[in-house]
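Reading the structure
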Amino acid sequence: MGLVGGILGFVLGLPIGLAAAYLVYLRFFAPRRRLQDPIIRPLRDLDSETLQKMMPDVPLWVKCPDYERVDWMNKFIFDMWPFLDKAICKIIRSVAKPICDQYVGKYGIESIEFGNLTLGTLPPTLQGIKVYEMREKELVIEPVIRWASIANVTVNVKVHSFELSAQLLDLHTILTPRVTLKPLVPSFPCFSNLCVSLVEKPHVDFGFKLLGGDVMAIPGLYRFVQDQIAKQIAILYHWPKVIEIPILDGASGATKKPVGILQVKVIRAMNLPKMDLLGKSDPYVKLRLSGERLPSKKTSVKMSNLNPEWNEHFRLVVKDPETQVLELQMFDWEKLKMHDKMGVQVIPLRSLTPYESKLFTLDLLRSMNPNDQQNKKNRGKLVVELTFDPFRDDNSMSAVNSDREGNISIKRDVPPGGGVLLVSVENAEDVEGKRHTNPYAVVLFRGEKKETKVIRKARDPRWNEEFQFVMDEAPVDEKIHIQVRSRRRRLLPFHSKESLGHVNINLVDVVNNGRINEKYHLINSRNGKLHVEIKWNTV
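So, here's what we can say about the structure. (Residues numbered from 1 in each chain as written. Predicted model: local features only at pLDDT ≥ 70, side-chain atom pairs only at ≥ 80, totals over all residues. Heavy atoms only, no water.)

Regarding the overall build of the protein
Under the convention used in this document: Each helix is a run of DSSP H or I of at least 4 residues and each strand a run of E of at least 2, with the numbering of both proceeding from the N terminus. Relative accessibility decides the category of a residue: with a 1.4 Å probe and only protein chains considered, values under 20% of the type maximum give buried, values over 50% give exposed, and everything between is partly exposed. In what follows, a contact means two residues having at least one pair of non-hydrogen atoms within 4.5 Å. Per-residue and other accessible areas follow the Shrake-Rupley method at a 1.4 Å probe size, with only the shown protein chains counted as cover for residues.
Across its full length, the protein carries six helices and 28 strands. Residue burial in the protein is summarised as follows: out of 539 residues, 35% are buried. For the protein, long-range pairs separated by at least 24 residues make up 64% of all intrachain contacts whose partners lie at least 6 apart in sequence. Carbon and sulfur atoms make up 56% of the accessible area of the protein, which totals about 34300 Å².

Here's what the structure looks like:
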């Protein structure tokens, strides 16, 4: 009984003693908590770093006035995410499969397959977006992307009949990419390349399991892995390093810059078919390069001649000698009705050697369809001579010149040959007419007149149209006249057109430097400006 009484006393006395000691500590020894009013400071007195710590989840469009609100985009991504998740995972599988197949059969690896592959139900959100002014036909945007996903990616690897599994969980990342769309072109989606870089070091957080065990639970490994991944991503893609993604292929002529001039000499035609009632034909030739929207060039008409000789020269601007072809069409001229097509033929430019003339004797065909039975009929021959002259390197410069005052200038060597003058009328600002403002631009040079489209009811029109002038010599001592006009559609001719200002540009700087890109104040305009880019390429 004594033993039992002692055990019961210990069991009951120990908790009672501990409770009594705790009460005594709270009553006499514990420091009393002093209640103080919290320090309240206005937000305007806090720096940006303190604000970021206090309000990490507040969108950037609230904290930084440079960022725009994009709730509509987040709503769109949220509604589309179930479908985007499946589509993105399908692309990941298709891209990763050939990469994984390269390791199958090596190091004892028998198979590499995805188990689970989902990006979760939570889509990435845009905390804000900043858009920079468009310069040099490019658009720069900086979105801030935050993604706290419930991703679950499992990869199963079979090595010597033993299965290994690796699992990626709960990916959380914060990115600030700089996305550049350039160059902007008049072909959908209106930009040729997508350039992406990171403005800041990314934040990356995720869980990783190997064989079912949480690897990130190892002391010290979690922080080391996260820092190394963020560091390596920053090394590869931190601005000014970029990853460039081509959007439009080279088949689109709008994405290509001029690389040379094609010299075409239409010499003669032989044994042409009789198209008129009197047993004669009135032939002429139309020629153009594929992928161009410019009007076709034409030879003169040779009346009543089945073996005409022209010996006429033409020059065409080449943008892609690997894919473009010269299209030749023979027509019979008619005075009162549509001209009859006599035959066609094409010449691929890739068959030419630069700076070497090549003579072609072509059999005219009814069409370029190889299954057309009418092509077996004799339609005569056409003789042309072609020469492809690539442009010279724009970086070929002469020595540095210095005047007496120490001013330094670089002047490019101007070869005696010809070239092409590219005039790009970009946009105008603050143009205003007295009666109407439907602006369009007129380019006048060497007697040629070229016009842009009309933008109705606009004070800041944007045309982005390019015009070409092929010349035998450099226009060193010449000027180009560009006028902004307004046109109104009406029955009466009174005040139907109005001048909104003009500029005269000396081309000597264009020839010496190869290119200018300036905004000019319009003469006879109050505040109007005209943005023009002019390039000179020599052969």
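Examining the sheet that holds strand E25 (residues 479–487)
Just so we agree on the cut-off: A pair of strands is treated as paired once DSSP finds two or more bridges between them. A fitted line through C-alpha atoms serves as each axis, taken over the contacting stretch for helices, and the angle formed by two N-to-C directions is quoted from 0 to 180°.
Spatial ordering of the open sheet is given by E23-E22-E25-E26, a layout of four strands whose pairing is antiparallel. Edge positions in the open sheet fall to strand E23 (448–451) and strand E26 (497–506), since each of these has one partner strand only. Geometrically, the sheet is characterised by an average inter-axis angle of 20° between neighbouring strands, direction not taken into account. The pairing of E25 with E26 spans nine bridges and is antiparallel. The residue bridging Ser 486 from the neighbouring strand is Glu 498, located in E26.

With respect to unusual backbone geometry
At Arg 446, a residue that is not glycine, the phi angle is positive and equals roughly 50°. Mapped onto the fold, Arg 446 is located in the loop between strand E22 (439–445) and E23.

Here's the deal with the pattern of salt bridges
Filter applied, for reference: When a carboxyl oxygen of Asp or Glu lies within 4 Å of a side-chain nitrogen of Lys or Arg, that pair is called a salt bridge.
Evaluated as defined, the whole model comprises 16 salt bridges. Between Arg 178 and Glu 142 there is a salt bridge, with the nearest N and O atoms lying 2.6 Å from each other. Note that Arg 178 is positioned in strand E6 (residues 177–184) and Glu 142 in strand E3 (residues 139–148), a separation of 36 residues in sequence. Taking the relative accessible area as the measure of exposure, Glu 142 reaches 3% and is therefore buried. Among the ionic contacts, a cluster of salt bridges with common partners joins Lys 449, Glu 451 and Arg 487.

Observations regarding the sheet that holds strand E28 (residues 529–538)
Pairing is antiparallel across the open sheet formed by four strands, whose spatial order is E24-E21-E28-E27. Of all strands in the sheet, those bounded by a partner on one side alone are strand E24 (462–471) and strand E27 (515–521). Along the sheet, successive strands turn relative to each other by an average axial angle of 20°, direction set aside. Note: strand E21 (residues 419–429) against E24, eight bridges, orientation antiparallel. In the strand pairing of E24, Ser 424 is matched with Glu 466.

Remarks on the nonpolar core
What counts is decided by this rule: Put simply, buried Ala, Val, Leu, Ile, Met, Phe, Trp, Tyr and Cys residues joined by side-chain atoms within 4.5 Å make one nonpolar core.
Residues Leu 421, Val 423, Leu 530 and Ile 534 are the most contacted members of the largest nonpolar core, which totals 30 residues. Listed by contribution, the elements that provide at least two residues to this core are E21, E22, E24, E25, E26, helix H6 (508–513) and E28. Setting aside residues up to four positions removed in sequence, Val 423 forms contacts with Val 443, Glu 465, Glu 466, Phe 467, Phe 469, Ile 480, Ile 482, Val 532, Glu 533 and Ile 534. Judged by nonpolar contacts, the second largest core, of 27 residues, contains Met 342, Leu 364, Val 384 and Phe 388.

Thoughts on the packing of aromatic side chains
Note the cut-off: Stacked, tilted and edge-to-face are the three classes assigned to paired rings of Phe, Tyr and Trp, where Trp is represented by its six-membered ring and a pair needs centres within 6.5 Å; plane angles under 30 degrees give stacked, over 60 edge-to-face, the rest tilted.
Taken as a whole and judged by the stated rule, the model has three aromatic pairs. Ring centres 5.9 Å apart and planes at 80° place the aromatic pair Trp 81 and Trp 147 in the edge-to-face group. Here Trp 147 lies in strand E3 and Trp 81 lies in helix H4 (residues 71–101), a separation of 66 residues in the sequence. For Trp 81, a relative accessible area of 5% translates into the label buried. Given the relative accessible area of 13%, Trp 147 is considered buried. Between Tyr 284 and Phe 331, the ring centres sit 5.8 Å apart and the planes meet at 20°, which makes this aromatic pair stacked. Of this pair, Tyr 284 sits in strand E12 (residues 283–289) while Phe 331 is found in strand E15 (residues 325–332), placing the two residues 47 residues apart along the sequence. When its relative accessible area of 6% is taken as the criterion, Tyr 284 is described as buried. The class of Phe 331 is buried, set by a relative accessible area of 11%.

Overview of the pairing of strand E11 (residues 260–270)
Sheet analysis places E11 next to strand E14 (residues 309–318), joined by eight bridges and oriented antiparallel. Each residue of the ladder has a partner; that of Gly 260, found in E14, is Val 318. Pairing of E11 with strand E18 (residues 381–390), which is carried by 10 bridges, proceeds in the antiparallel orientation. Note that in E18 the partner of Lys 265 across the bridge is Glu 385.

Quick notes on helix H5 (residues 221–237)
Along an α-helix, residues three or four apart share an orientation, since each turn contains 3.6 residues. How we decide: By this rule, a helix spans an expected 1.5 Å times one less than how many residues it contains. Note that the arc is computed from the directions linking the helix axis to the C-beta atoms.
Relative to the 24 Å expected for 17 residues at 1.5 Å per residue, H5 spans 24 Å between its end C-alpha atoms, a close match to the ideal helical length. Restricting attention to buried positions, one finds in H5 the residues Val 225, Gln 226, Ala 230 and Ala 234. On an axial view of H5, the arc spanned by its buried residues comes to 160°, and they lie on one face. Of the residues in H5, the exposed ones pointing more than 90 degrees away from the buried face are Phe 224 and Leu 236. Turning to H5, the residues buried within the fold contact strand E8 (203–210).

A look at a nonpolar patch on the surface
What counts here: Exposure above 30% relative accessible area and no salt bridge define the residues that can form patches, which grow by joining like charges within 9 Å and nonpolar side chains of Val, Leu, Ile, Met, Phe, Trp and Tyr within 5 Å.
A cluster of nonpolar side chains, Phe 76, Met 80, Phe 83, Leu 84, Ile 88 and Ile 92, forms an exposed patch at the surface whose accessible area comes to about 510 Å². Mapped onto the fold, Ile 88 is located in helix H4.

Re H4
Quick note on the threshold: To get the bend at a given residue, fit one axis to the seven residues ending there, fit another to the seven starting there, and take the angle between those axes.
For H4, spanning 31 residues, the distance from its first C-alpha to its last is 42 Å, which sits close to the expected 45 Å at 1.5 Å a residue. A maximum bend of about 60° is found in H4 at Trp 81, where proline Pro 82 lies one to four positions downstream. Regarding H4, the residues found buried are Asn 74, Ile 77, Trp 81, Asp 85, Cys 89, Ala 96 and Cys 100.

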